[in-house]
Amino acid sequence: MGFEPRIVGFLCNWCSYTGADLAGTSRIKYQPNVSIIRVMCSARIDPTFVLKALSMGADGVVICGCHPVDCHYISGNYKAMRRFPLLKKLLKEFGVEDERVRLEWVSASEGQRFSEVINDMTDKIRALGPSKIRVQLDADKVER
Amino acid sequence: MTTECKIGVYVCSCGTNIGKMVDCDAVTGYTKNLPGVAVCKSYKYMCSNPGQEMIVKDIQRYGLDRVVVAACSPRMHEPTFRAAISHGGLNPYYLEMANIREQCSWVHDDHQQATDKAKALTCAAVKRVPFHEPFDMQSVPMNSASLVIGGGVAGLTAALELADANQPVYLVEKDGKLGGNLARIDLTSPYLDSAKDLLAERICRVTKNPKITVMLNSEVESISGYVGNFKAQIKSNGEAVTDIEIGSIIVCTGFREFDASKVGEYGYGRFPNVVTSFDLEKMLKEGRVVMKDGKTPKYVTIINCVGSRSGKYNRYCSRVCCMTALKYANGIKSAAPDAFITNLYTDMNAFGKGCEDFYRRSAERDTIFMMFDKHAPPTVSAAGKGEHFNMLVKVNEILSGEEVEIPADMVVLMVGMEAREDSMNVARLVNISRDKDGWFIESHPKLDPVATSTDGVFIAGACASPKDIPDTVAQARATTARILAKICQGEIWVEPVYAEINEDLCSGCRVCNELCPYSAIDYDPVKKRSAIISVMCKSCGGCVAGCPSGAIKARHFTDKQIFEQIEGVLEWASSRA
């Protein structure tokens, strides 16, 4: 089997996690490369979560929250939105390609959109190949 | 800590919902060797009585102190399994669920990959659960007063139901009178009883009831607080503001009708005698169905699904229009016995009690039914000069396969229901979600149809989706059953999941004070530390991620717990590589 990306998804409980559940109840198929971790709000996502996932060999990380104006916690998604560019700047310094880390808005009714986001991201990362950290981790393991 | 835990893992195959895509035995085979796992089993329905009892017995037999259930979404059965382990003697927060149905078996079509992902998700849960902490539910008082937003048939019914149980109600109506959309209607289908009769009694009882405060020309300005303890500001007549305290909120804001002028081919706004269903209601209420020139129409064509079931406008069915169209066929026949009535429909949805009989009776009264393809709707044009009728309706009748031209003096457009233009504002006000069409989303479409994602806020009637009167009334009453149950308990239990500040780590920088959308963080100038007011905290975790000192902990969503999950999903994957 060729390269299969490992992607970690952080989804807010109220919109995006519910949207991902809706994709399930609607039986909308998407690629199985994303494992989802639920948080209450996209504002809860500490940049270290993303760094941790990448340092553990994730090929990509997707953060999903409620659309602007639609946050269950009034303004949590705006906090995520403002923190995100800072994180991206840092990741760029580390040499992490732009496509690997994404912030997407998925509402509770957008099961279809969630599947499209995941498929698009999976395809793009598959084309990009494994992350440099993953390659290094795998090499270290072989050495040991 | 990890090695000392005794974790029980339960993998549900949900009949075949999970089992037919995920190899549950392979998941248990893998999971049972993970550190800390004392017992691991799969079963066809973990949520059933035998499934839950299996967990309860195992807790005692194996001395389990943590439980992982790999099954459906925690949004579905987390309360069920929390109750089960609680019954087994464990703190309910010692549970973690792995979502291997909605986010795995139902969305993937490769057995191996789905099974692999189920293993990764279960592994993440097993790694997370040792770091769970026990919490006790918090008890808060329940204010027995309720706020009902919207004075249509749903709001009136809900208000009466609560007032009859001796509980105070504030009924807020935007308009200058009660009755909502039902007040615009003449007769109701399928029994043709008068809407006025249904409403007059309700309105009379509401206005006379001392328990109900009716606030007309009023709007809710703001809402704060939480279940059992909300505060609201009501603005009346554009100025006077009243502050009220309530325990529950029922949203019954109804619907608006589809704007028929959007459908160019029907000529609404261009031809004076093309009218909407609500225009016709007005005529029926006045007791005379006439054209703009005052004459009685001889040929009437009723077109269904205007703005509904269409790729161009609204995709959904508005549910009430088919029967309303039949009501019009009957009504026009009574007002103008010589009228020649044609009903153009896409499908005849006669699903309610008494509706199929109503359809048959209407057909017997000489209404001509013609079916059209919803993708090829009929067109309305002006009749040629010298014709004895004023419009011509062309339709591809799909049962006969013929193109039919129908003379028309009046065309009635059965406009569908739409979410109100202010539904977004209302949703923001009470903090609930809307679906893609703007309807408010219920907690669970089948099992919890009137509750919402915000505890203490309920929805009833056509603000949640197109609905007929019986369903609207049933929902209104259902909301009050939910509220009265809480009032009877006297106090309510809220989740003890909130953020906490470690005073020893807090530098007193006050960054979190500004981050909190609920002003739930206070600064103590003497101690020079911030502290969270737990009942006001809604546990978003925005302050946790924002604290530069790492001094804030999100209960049940700690950094450690999330790190363990990240390791879980990735370790499993790399161990396989």
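Residues numbered from 1 in each chain as written. Chains lettered and ligands numbered in written order. Predicted model: local features only at pLDDT ≥ 70, side-chain atom pairs only at ≥ 80, totals over all residues. Heavy atoms only, no water.

**So, the overall build of chain A**
Then step 1. Helices and strands together make up the secondary structure of chain A, namely five helices and four strands.
Then step 2. Starting at the N terminus and ending at the C terminus, chain A contains elements arranged as β-α-β-α-β-α-β-α-α.
Then step 3. In terms of overall size, chain A behaves like a compact globule, its C-alpha atoms giving a radius of gyration of 15 Å where 144 residues would be expected to give roughly 15 Å.
Then step 4. If one aligns the C-alpha atoms of chain A with their principal axes, the spans along those axes are about 50 × 35 × 25 Å.
Then step 5. Looking at chain A as a whole, 61% of its 144 residues are labelled buried.
Then step 6. Carbon and sulfur atoms make up 59% of the accessible area of chain A, which amounts to about 5800 Å² in all. (Helix = DSSP H or I, 4+ residues; strand = E, 2+ residues; numbered from the N terminus. Rg over C-alpha atoms; globule rule 2.2 N^0.38 Å. Buried < 20%, exposed > 50% of the residue type's maximum accessible area, 1.4 Å probe, protein only. Areas by Shrake-Rupley, 256 points an atom, 1.4 Å probe, with all protein chains shown as cover.)

**Considerations on the overall build of chain B**
Then step 1. When its secondary structure is counted, chain B shows 15 helices and 28 strands.
Then step 2. In terms of overall dimensions, chain B has C-alpha extents of about 95 × 60 × 40 Å along its principal axes.
Then step 3. Buried residues in chain B amount to 55% of all 577 residues.
Then step 4. Once local pairs closer than 6 in sequence are excluded, the contacts in chain B between residues at least 24 apart make up 68%.
Then step 5. Of the accessible surface of chain B, which amounts to about 24800 Å², a share of 50% is contributed by carbon and sulfur atoms.
Then step 6. Side chains of chain B carry 65 positive and 69 negative charges; the gap between the two charge centres is 1 Å. (Contact = heavy atoms within 4.5 Å. Lys, Arg positive; Asp, Glu negative; His and termini not counted. Charge placed at Lys NZ, Arg CZ, Asp CG, Glu CD.)

**Remarks on the sheet that holds strand 3 (residues 60–65) of chain A**
Residues and elements named next belong to chain A.
Then step 1. The parallel open sheet is built from four strands, whose spatial order is 2-1-3-4. Both outer strands of the open sheet, strand 2 (34–39) and strand 4 (101–105), are each paired with one neighbouring strand and no more. Taking each pair of neighbouring strands and ignoring which way they run, the sheet shows an average axis angle of 20°.
Then step 2. Strand direction decides the pairing type here: strand 1 (residues 7–12) and strand 2, joined by six bridges, are parallel. (Pairing = 2+ DSSP bridges. Axes fitted to C-alpha atoms, helices over the stretch in contact; angles between N-to-C directions.)

**Some thoughts on the domain arrangement of chain B**
Then step 1. Under the domain assignment used here, chain B contains domain 1 (7–135), domain 2 (146–254 + 420–492), domain 3 (258–418) and domain 4 (499–554).
Then step 2. Look at where the C-alpha atoms of domain 3 of chain B and domain 4 of chain B centre, and you get two points 61 Å apart. (Domains from an automatic or database assignment.)

**Some thoughts on the pattern of salt bridges**
Oppositely charged side chains are able to pair whenever their charged atoms sit close together.
Then step 1. Within the structure shown, the criterion is met by 47 salt bridges over all chains.
Then step 2. Measuring nitrogen to oxygen at the nearest pair gives 3.5 Å for the salt bridge that ties R82(B) to E78(B). Residue R82(B) and its partner E78(B) are both found in helix 3 (residues 74–87); the two are separated by four residues, about one turn of the helix.
Then step 3. The exposure class assigned to E78(B) is buried, which follows from its relative accessible area of 11%.
Then step 4. As a salt-bridge pair, D347(B) and R309(B) come within 2.9 Å of each other at their nearest N and O atoms. One end of the pair, D347(B), is in the loop between strand 16 (340–345) and helix 10 (355–364); the other, R309(B), is in the loop between strand 15 (299–306) and helix 9 (321–335), and 38 residues separate them in sequence.
Then step 5. One continuous salt-bridge network, built from bridges that share partners, spans K52(A), K127(B), K560(B), E564(B), E567(B) and E571(B). (Salt bridge = Lys/Arg side-chain N within 4 Å of Asp/Glu carboxyl O.)

**Details of helix 2 (residues 49–62) of chain B**
Residues and elements named next belong to chain B.
Then step 1. The end-to-end C-alpha distance of helix 2, which contains 14 residues, comes to 20 Å, matching closely the 20 Å that a straight helix rising 1.5 Å per residue would cover.
Then step 2. Turning to helix 2, its buried residues number three or more, namely G51, Q52, M54, I55, V56, D58 and I59.
Then step 3. Close packing links the buried residues of helix 2 with strand 1 (7–12), strand 2 (37–43), strand 3 (66–71) and helix 3.
Then step 4. Note on helix 2: the residue one or two positions beyond its end, G63, has a positive phi of about 65°. (Expected span 1.5 Å × (residues − 1).)

**As for the sheet that holds strand 2 of chain B**
Residues and elements named next belong to chain B.
Then step 1. Across the sheet, four strands lie side by side as 2-1-3-4; this open sheet has parallel pairing. Only two strands of the sheet have a single partner each, and these edge strands are strand 2 and strand 4 (95–99). Between one strand axis and the next, the sheet turns by 15° as a mean value, whatever way the strands run.
Then step 2. For strand 3 and strand 4, the ladder comprises five bridges, and the chain directions are parallel. Residue pairing across strands places V69 opposite M97, the latter belonging to strand 4.
Then step 3. Against the sheet, helix 3 contacts strand 3 and strand 4, and its axis sits at roughly 150° relative to strand 4.

**Details of the state of the cysteines**
All names here are of chain B.
Then step 1. For the structure shown, the criterion picks out zero disulfides over all chains.
Then step 2. C12 provides the cysteine sulfur closest to C24, a residue in no disulfide bond, and the two sulfurs are 7.5 Å apart.
Then step 3. Accessibility expressed as a relative area gives 7% for C24, which makes it buried.
Then step 4. We note that C123 lacks a disulfide partner, and the nearest cysteine sulfur, in C40, lies 12 Å from it.
Then step 5. C123 gets classed as buried once you look at its relative accessible area, which sits at 4%. (Disulfide = S-S within 2.5 Å.)

**Re the nonpolar core**
Across soluble globular proteins, you tend to see nonpolar side chains buried next to one another.
Then step 1. One finds F10(A), I55(B), V67(B), I100(B) and I552(B) to be the most contacted residues of the largest nonpolar core, which totals 94 residues.
Then step 2. The element contributing the most residues to this core is helix 5 (residues 111–128) of chain B, with eight residues.
Then step 3. Three or more residues apiece are contributed to this core by two domains, here domain 1 (7–135) and domain 4 (499–554) of chain B.
Then step 4. Contact partners of I552(B), with chain neighbours within four places excluded, come to A499(B), E500(B), I501(B), C512(B), I532(B), C543(B), V544(B) and C547(B). (Core = buried A, V, L, I, M, F, W, Y, C linked by side-chain atoms within 4.5 Å.)

**Details of the interface of chain A and chain B**
Where interface size is quoted, it is often the accessible area lost as the parts come together.
Then step 1. With 49 residues of chain A at the interface, the matching set in chain B holds 51 residues.
Then step 2. Of the roughly 4600 Å² buried at the junction of chain A and chain B (both faces included), carbon and sulfur atoms supply 58%.
Then step 3. On the surface where chain A and chain B come into contact, there are four salt bridges.
Then step 4. Put simply, E567(B) and K52(A) hold a salt bridge, and the shortest N to O gap is 2.6 Å.
Then step 5. Counting across the interface, chain A meets chain B through 21 residue pairs in polar contact (both at pLDDT 80 or more).
Then step 6. Taken together, the elements giving at least two residues each to the side of chain A that touches chain B come down to strand 1, helix 1 (16–25), strand 2, helix 2 (47–55) and helix 3 (76–93) of chain A.
Then step 7. Element by element, the count of residues in the side of chain A that touches chain B is highest for helix 1 of chain A, at seven residues.
Then step 8. The class makeup of the residues in the side of chain A that touches chain B is 26 nonpolar, ten polar and 13 charged. (Buried area = accessible area lost by both parts, 1.4 Å probe. Polar contact = N/O pair within 3.5 Å; in protein donor to acceptor, adjacent residues only side chain to side chain. Nonpolar A, V, L, I, M, F, W, Y, C, P; charged D, E, K, R; others polar.)

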